[in-house]
Every structure is written in C-alpha cells, then in structure tokens.
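Letter by letter, the chains look like this.
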Amino acid sequence: MATYITELDVSTDQAEEQHLQSNGFKKININLNQGAGGKTIYLWYKNGPAKPITRVQFTFNDGMASGLIEAGYKKIDKNLNAGTRGDVIYLWYFRGSGEFNTPIVKIDFTTDAEGEANKFKDGWEKSACNLNRHAGGNLIFAWVKREKQTYICNVSATDSYESDDSYYDNGYIRVDENTNRSAGGADVFIWYRQTTDPKRALTDLNISTNDIEYQTLQQQGYTSVSVNLNEKTNGPPVYLWHNNDDSAKPIQAMSLLLNIHAVQVYKKAGVSVIERNLNTGNAGSTEFLCFYRSKA
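Reading the values: the criteria
- Residues numbered from 1 in each chain as written.
- Predicted model: local features only at pLDDT ≥ 70, side-chain atom pairs only at ≥ 80, totals over all residues.
- Heavy atoms only, no water.
- Phe/Tyr/Trp six-rings, centres within 6.5 Å; stacked < 30°, edge-to-face > 60°.
- Helix = DSSP H or I, 4+ residues; strand = E, 2+ residues; numbered from the N terminus.
- Buried < 20%, exposed > 50% of the residue type's maximum accessible area, 1.4 Å probe, protein only.
- 1 Å grid on protein atoms, 1.4 Å probe; cavity = no way out; pocket = protein on both sides within 12 Å on 5 of 7 lines; lining within 4 Å.
- Points joined across faces, edges and corners; volume = space filled by probe spheres on them.
- Nonpolar A, V, L, I, M, F, W, Y, C, P; charged D, E, K, R; others polar.
- Disulfide = S-S within 2.5 Å.
- Polar contact = N/O pair within 3.5 Å; in protein donor to acceptor, adjacent residues only side chain to side chain.
- Pairing = 2+ DSSP bridges.

Peer 1: Just checking my understanding: could you explain the packing of aromatic side chains for this structure?
Peer 2: When we look at a pair of aromatic rings, we describe it by the centre distance and by the angle of the planes. Counted according to the given criterion, the structure contains twelve aromatic pairs. Here Tyr-73 and Tyr-168 contribute two aromatic rings whose centre-to-centre distance is 5.0 Å and whose plane-to-plane angle is 55°, an arrangement assigned as tilted. Separated by 95 residues along the polypeptide, Tyr-73 in the loop between helix 2 (62-70) and strand 5 (74-76) and Tyr-168 in helix 4 (residues 164-169) bring together distant segments of the chain. For the pair formed by Tyr-73 and Tyr-168, the shared burial category is buried. With 5.1 Å between their ring centres and 80° between their planes, Tyr-167 and Tyr-172 make a pair best called edge-to-face. The exposure class assigned to Tyr-172 is buried, which follows from its relative accessible area of 11%. Taken together, Tyr-73, Phe-94, Tyr-167, Tyr-168, Tyr-172 and Trp-191 form an aromatic cluster joined through their ring pairs.

Peer 1: Looking at this model, I keep getting lost on the layout of surface pockets. Mind explaining?
Peer 2: Take a probe with the size of a water molecule and roll it over the atoms, and the empty space left behind shows itself. In this structure, the largest pocket spans a volume of roughly 180 Å³. If you trace the largest pocket, you find 16 residues lining it, with Asn-130, Leu-139, Phe-141, Arg-181 and Leu-258 closest to the centre. Counted by class, the lining of the largest pocket contains six nonpolar, six polar and four charged residues.

Peer 1: What is the right way to look at the state of the cysteines in this model?
Peer 2: Covalently bonding the sulfur atom of one cysteine to the sulfur atom of another cysteine gives a disulfide. Taken as a whole and judged by the stated rule, the model has zero disulfides. Free of any disulfide, Cys-290 has its nearest cysteine sulfur in Cys-129, 15 Å distant.

Peer 1: Looking at this model, I keep getting lost on helix 5 (residues 211-219). Mind explaining?
Peer 2: In an α-helix there are 3.6 residues to a turn, and that puts residues three or four apart on one side. Its side-chain oxygen at 3.2 Å from the backbone nitrogen of Ile-212, Asn-210 defines the N-terminal cap of helix 5. Following helix 5 by one or two positions, Gly-221 adopts a phi angle in the positive range, close to 90°.

Peer 1: Looking at this structure, how should I read the sheet that holds strand 7 (residues 104-110)?
Peer 2: Within a sheet, each strand pairs with its neighbour through backbone hydrogen bonds, oriented either parallel or antiparallel. Taken in spatial order, the three strands line up as 7-9-8 in an open sheet, and their pairing is antiparallel. The open sheet has two edge strands, strand 7 and strand 8 (125-126), and neither has a second partner. Taken together, the two bridges between strand 8 and strand 9 (residues 141-146) define a ladder with antiparallel strand orientation. From the neighbouring strand, Glu-125 faces strand 9, where its bridge partner is Val-144.

Peer 1: Quick question: what am I supposed to make of the side chain of Arg-146 here?
Peer 2: Within the secondary structure, Arg-146 sits in strand 9. We classify Arg-146 as buried; its relative accessible area is 9%. Within polar-contact distance, the side chain of Arg-146 engages the side chain of Gln-194 at 3.3 Å.

Peer 1: Please clarify how empty space enclosed by the protein should be interpreted in this entry.
Peer 2: Summed over all chains, the structure comprises two cavities of 30 Å³ or more. Estimates place the volume of the largest cavity at around 200 Å³. Considering the residues around the largest cavity, the lining is formed by 18 residues, among which Val-56, Lys-126, Ser-127, Ile-173 and Tyr-192 are closest to the centre. Grouping the amino acids of the lining of the largest cavity by side-chain chemistry returns ten nonpolar, two polar and six charged.

In structure tokens form, the structure reads like this:
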C-alpha cells in the first residue's frame, strides 16, 4: 500500500526545525533560499492516517490567493523567500477525493536544469513557480509524485482571478507562473486537469504566435484555448493548442520553462519544448511551454 503525504509545514529557523522534528515531521534537505541569502528555509512533511494531500500550489501575489481560499486550500503562512528581496511566496495544499485528485506520495525540489530534466523522466510533475522568484540564487522548483501515473486530459487559461475558485473546484491545477511575466498586461495563467486513464489524455500541445501558425494548427485539427496568453500587452495574440491522437503517446506532465539555457538539457532528456515565446512582441521574460510524453 502506498504511503501518502498527509501534512506539510515549513521551518525558517532552528527552533522551528526542532519543533517539527519532535512532532514526527521529516525534512526535505534542500534550502529553499539556496543561493539567495536570507533565511534557511526547509519544507517538512508527514505520512499518516489522515486524508492524503492531492494538490499543491504556490502564490506570489495576493490575487493568486483568492481562489485558493474560496476552494478550501490550506496556506502555510511562512514566506518561502523570507530574508531576501524576492517575491513573497506561500505554499498551499489541498486534500481532495474523486476523479481528479490522485494522492501525492513524494515531494522534492531541484536546483539545476539537469535535475529538472531527470525528474520528468522519472514520472514527477513540476511546479512552474521558481521559489527564488526575483530573489536571485538558484532556480528552485517543487516536484510531486503521485500514487498512480497521471496524464493531462484538459487544458485551459485565465486572464483574471475571477474564476479561479471554479477551476479549483473542478479539479484543475494552475501552472503557477504568469505567461505575461514582466510584460505588463493581464495576469494570465495556464491550467490543466489530470486523469489516470491514458486513453483520455491529450497527446500534443502547441503554441501559435502569428496568423500563419494559428491557421496551420487549425487545419491540422488542433483545438485552441480561447484566452490570449499575451492579453493586454503590446505583443500579438498568442494561443495554446491541444490535440488527442489515439496513435500517439499520452502527455504525463506540462510546465513552463523560463531558463532558455535549459532548453537543450530538457530536449536531451526527451522533454518537448515548444520554442515559441509566450511573450512574443513584448519586453517580458522569454517563456516556453514544455511537456513530457509517456514512453511506455
């Protein structure tokens, strides 16, 4: 029987570390402020008889939190960037049940591109939120592994926070990085939903950044997400597209890649990187969509 993660907490000093250890928590021995200065911060977890944690999200602004509160997520009220100049980042988690809530059995972190690429190959899911966001230091990402292999079955996008609670209630996971990062414009986020049935999974994703790419994907039978990922910026409309081909392998995981130096490392590991910048035509960060297909 799988051992589920049932509780999470964060330490920001030695006294908190000792308290959590004495209460049966186990430490993930990676400083979440690595390379950025600030406090030494660790994530702790506990396995137990309680209902398993099924979803983990991160916030770096107040707007991102509203839907999580309404959907019943629990916030760990400790800034993961404490003591640095970076964004105020909080971890939130949810204990759900039913079709779109597969229990989490492991949580880990990576601090370099090679580690990220290898995690995809081993069946992990990456959060897109760099836990050193705007703090300098290492690029630190959280990863989860589930009781059963999951696959991406639905994708969507939002350009405001108004419908976040509805997405969470319907089993969606937010990709926790703004596709308009540093570009101005609307706060735009991609969302996805998972299934344990590979026959229901999407098999391809793509991006259009101009009319020719849009028309080509449309002619090839892809379906677009209606929200412009470049909404209210100076750039052209950018859209996310998806397809389901019974002859292709299902998609296990998807995320965003902002470290352009990692592109070749990802590709070498078998991760598909769509090198069409989500911030095309504006001064924002270069962002690529990436995903990993099942090899089985």
